[in-house]
Amino acid sequence: MNGKASKSNAVLLLCLFTFVFAFAATLVPPCAASSSVKVQLCMVIDGSGTIGSAEWATIVNSVSKGVNETVPHDGSVELTIVQFGARARTELSPTIIDNANYAEVANHVLEIPKINGGTSMADGLYLAWRELRNSTNYQNAAKHVVNLATDGMPNVRNENATSDLDGDGHVDAYDDVIAVVNDAANQGLNELDMEGIGVSDTDMKWFRDNVVHPQPGIYAPPFTKAGWVRQVADVEEFASTIGQKLQAVIGGVEEVWTPSAFGALVTSIFTVGVTSIISILASAVTNPETFPSQAVAQKINEVFPETLKKWLHEFIGSKRKLVIGSRRHSFFTVTKFEVVSYVISLSVLTFAFAYVKAPTLNEILVIIPTVLVTSIVVEFTKNYVISVIARMEGVWTEHRLWYFGLIMFLFSSFFLKVPFSSPSRLTHNAPKFTKKSLGLVSAAQVIIALAFAMVFYGLFISGYTLIGNIGIVMCLTMAFFDSIPIPPMNGKDIYDWSKFLWLSLFISSFTLYMLVLFVL
Amino acid sequence: MRSNHWEYLAFVLLALGMALTISGAIIYVHYQQYPQRKLQYSGIQIPLILAGACFAVLGLLAFRRTRAKKKAEAMESEPLPPPPPPPPPFPP
């Protein structure tokens, strides 16, 4: 085919490309109204014979006080109360606590009679999960939490366990409790915490390692993650700390944050579009003989002033350009320039992610330490490891700010609330770098970001929600950005070295980024 | 556009198409299991799969074009047959 036909085909392809993208964008449905219930909380309280009448009165008084003073009255919490003793019984059916009913609920709690008898803990937990699961608010609730308060160990079986789940040599009521929790967790229970009233250290350890969810369980306070056990000396201490406990369960609920899909679409189109245009112009200036249209390349060269042409030269060659000399330092040296570059890029990453995640200044200040730790793990560790490896391979590599990326990053974060692009990059001592080694280093940046995303996902599902959440979004944004195949981004270096490696890395990182937007 | 440009376009379209199709399929399965999660995006999976399929098909078409272009370029760069030998000089 002749040149005209090729051009028209390319234009046709581009039109189709734009049309399909626009089509997909317009089909994103508008935001639906969500239920006001954010937490479904079921308190499972021990009313067995070992709890005296006076102690019971203290317990119900403190729970009633908690309903009055700590549980929000804005309809965001659905409360259920289950008591277990010789059997299990629902004392308060799932009720959304609001201004109209909280006093009535608090009074109702005061009137709960004690069951007495054995400790049918498995029955109590089973009933608690059934109440949450069958509640009319279940589908819309963001988080399902069971809070267990007991003064002893289970001693009434419900025959749920068919094997020795805690490895103590026999199948008993303990295993029934574990079986019930495992079933509930499989069906959607997000969190189970436990408070032991005068429970021994050994028994608390058993609850921590076998019952609370998600595992691994921790001793609280501090309430650093979901799935905690807390030991209190007696019911008085239980009563005096119930507000703190409820605050930890309800207030500690972390909303999972992901960038808005629409914002991400606009940001990625904008970033890719701007970078593509500059890259195309730079290609016409620096390499006119390989430009698709010689006439256009010639015209661009004629029209553009020398200053602009110089900037375009620098833009396209910024990664290979010898901005650093060949050094003779140790492989592990961090140069002065690198220190400055790391400090600025870590600060930018931290403030940008804190800004887009938290709506108010107070919340930004609260989450900054966590975001900083995440940024250090992701940005510093990844780049430092790759620098050291490249230096060992004989190519002096340093971390430097990338001004174009920095501007794009700040723009996308502060105007569109979707951090995209990268404020820094690794620059290499060009003469020793081959296409293969450049491709390898670029691919390593994507692979390490994906590996870190898996680690943060592990933290996320283990209950370290904030650090896991930010880490996943940060890593997958970097992996996706680093695999975009437009010069001078890393994706093009991978593509130039191995097309099929680039294909697999791009598909993996883009798919995972999409899943974060729509599923996390 | 030369064959390497078409090849680049083909890889990009194919990668984009496959990524959109795979993510659309996973999101589809996810929303089947948890229909009430992220309600605002509950209808996105089909458009994603359709867009992905379109991109992938465009990518495959671009690959065909790449092959054709490569053939044409190979023919263009084939050396010309040697010129015929000069006629023998006329005998005096």
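Residues numbered from 1 in each chain as written. Chains lettered and ligands numbered in written order. Predicted model: local features only at pLDDT ≥ 70, side-chain atom pairs only at ≥ 80, totals over all residues. Heavy atoms only, no water.

**Considerations on the overall build of chain B**
What counts, and what does not: By definition, any uninterrupted DSSP run of H or I lasting at least four residues is a helix, any uninterrupted run of E lasting at least two residues is a strand, and each is numbered from the N terminus. Note on exposure labels: buried denotes an accessible area under 20% of the residue type's maximum, exposed denotes more than 50%, and partly exposed covers the range between, all computed with a 1.4 Å probe on protein chains only. Whether two residues are in contact is decided by their heavy atoms: any pair within 4.5 Å suffices. In short, Shrake-Rupley with a 1.4 Å probe defines the accessible areas, and a residue's cover is counted only from the protein chains shown.
Across its full length, chain B carries two helices and zero strands. Counting every position in chain B, which comprises 92 residues, the buried fraction comes to 38%. In chain B, once contacts between residues fewer than 6 apart in sequence are set aside, the share between residues at least 24 apart is 76%. Accessible surface computed for chain B: about 5,700 Å², of which carbon and sulfur atoms make up 70%.

**So, the side chain of N147 of chain A**
Residues and elements named next belong to chain A. Mapped onto the elements of the fold, N147 is located in strand β4 (residues 143-150). Here N147 falls in the buried class, since its relative accessible area comes to 2%. Ignoring anything within four residues of it in the chain, the contact list for N147 reads L41, C42, M43, V44, D193, W228, K245 and V249.

**With respect to a nonpolar patch on the surface**
Here is the rule we go by: Only residues whose relative accessible area exceeds 30% and that form no salt bridge enter a patch; like-charged residues are grouped when within 9 Å of one another, and nonpolar side chains (Val, Leu, Ile, Met, Phe, Trp, Tyr) when within 5 Å. Any carboxyl oxygen of Asp or Glu within 4 Å of a side-chain nitrogen of Lys or Arg constitutes a salt bridge here.
A surface patch of nonpolar side chains, amounting to about 460 Å² of accessible area, comprises F270, L410, F411, F414 and F415 of chain A. Mapped onto the fold, F414 of chain A is located in helix α14 (residues 403-416).

**Things to note about the confidence of the model for chain A**
Regions with low pLDDT carry predicted coordinates that are not meant to be interpreted in detail. Residues and elements named next belong to chain A. Test applied: For every residue, the predictor assigns a confidence score, pLDDT, that lies between 0 and 100.
Confidence along chain A averages 82 in pLDDT terms, with 88% of residues attaining 70 or more. For chain A, helix α1 (residues 3-26) is the element with the lowest average pLDDT, namely 46, and helix α18 (residues 499-518) is the one with the highest, namely 92. In the model, residues 8-13 has pLDDT below 50 throughout and makes ten contacts with residues more than four positions away in sequence or in other chains. Note that residues 15-34 has pLDDT below 50 and, in this model, 22 contacts with residues that lie over four places away or in other chains.

**Side note on the environment of N101 of chain A**
All names here are of chain A. Our working definition: Polar contact is the term for a pair of N or O atoms within 3.5 Å; when the atoms are in protein, one must be able to donate a hydrogen and the other to accept it, and sequence-neighboring residues count only if both atoms are side-chain atoms.
Of note, N101 is situated in the loop between β3 (88-98) and α3 (102-110). N101 gets classed as buried once you look at its relative accessible area, which sits at 14%. Beyond its immediate chain neighbours, meaning those up to four positions away, N101 contacts T95 and I96. A polar contact is formed between the side chain of N101 and the backbone oxygen of I96, at a distance of 2.8 Å.

**Re the pattern of salt bridges**
Residue and element names in this part refer to chain A. Taken as a whole and assessed by the stated rule, the structure comprises twelve salt bridges over all chains. One salt bridge in this structure joins K245 and E195, with 3.0 Å as the shortest N-O distance. A residue pair is termed long-range when its members are at least 10 positions apart, and K245 in helix α8 (residues 242-251) and E195 in strand β5 (residues 191-197) qualify at 50 residues. As far as the burial class goes, K245 and E195 line up, both buried.

**Here we look at the pairing of strand β1 (residues 39-46) of chain A**
Residues and elements named next belong to chain A. Quick note on the threshold: Strand pairing follows a simple DSSP-based rule, namely that at least 2 bridges must link the two strands. Assignment of crossover handedness uses the view with strands pointing away from the viewer, where a clockwise path from the first strand over the helix to the second indicates a right-handed crossover.
Extensive coverage of β1 is indicated by the burial of eight of its eight residues. Alternating residues of β1 divide into V39, L41, M43 and I45 and Q40, C42, V44 and D46, and every residue in both groups is buried. Where β1 lies against strand β2 (residues 74-84), eight bridges are found, and the strand directions are parallel. Counterpart to M43 in the pairing with β2 is I81. Read as a crossover between parallel neighbours, the route from β1 over helix α2 (residues 53-69) to β2 is right-handed. Summarising the sheet, β1 and β4 pair through seven bridges and their orientation is parallel. Pairing of C42 across the sheet is with V146, part of β4.

**Comments concerning the pairing of β5 of chain A**
For a regular strand, side-chain orientation follows a simple rule: the groups alternate between the two sheet faces. All names here are of chain A. With respect to burial, β5 is a largely interior element, seven of its seven residues being buried. Here β5 shows two buried faces, one formed by E191, D193, E195 and I197 and the other by L192, M194 and G196. Where β4 and β5 come together, six bridges link them in parallel fashion. Within the sheet, the bridge partner assigned to T150 lies in β5 and is G196.

**Observations regarding helix α13 (residues 361-392) of chain A**
Because each turn of an α-helix spans 3.6 residues, side chains separated by three or four positions end up pointing in the same direction. Residue and element names in this part refer to chain A. As a reminder, the rule being used: A helix's residues, less one, multiplied by 1.5 Å, set its expected span. To obtain the bend at a residue, axes are fitted to the seven residues ending there and to the seven starting there, and the angle between these axes is taken.
The end-to-end C-alpha distance of α13, which contains 32 residues, comes to 44 Å, matching closely the 46 Å that a straight helix rising 1.5 Å per residue would cover. Maximum bend of α13: about 45 degrees, positioned at I367, with proline P369 one to four residues after it. Phi turns positive one or two residues past the end of α13, at G394, with a value near 100 degrees.

**Some details on unusual backbone geometry**
Residue and element names in this part refer to chain A. With an omega dihedral of 0 degrees, the bond running from H213 to P214 counts as a cis peptide bond. Looking at where P214 falls in the secondary structure, it is placed in the loop between α6 (201-210) and β6 (218-220). The omega torsion across Q215 and P216 is 0 degrees, close enough to zero to call that bond cis. The residue P216 is located in the loop between α6 and β6 in this model. Its identity is not glycine, yet N116 carries a phi of approximately 70 degrees, on the positive side. Counting through the fold element by element, N116 comes out in the loop between α3 and α4 (121-134). In this model, S421 sits at a positive phi of 90 degrees, which is unusual for a non-glycine residue.

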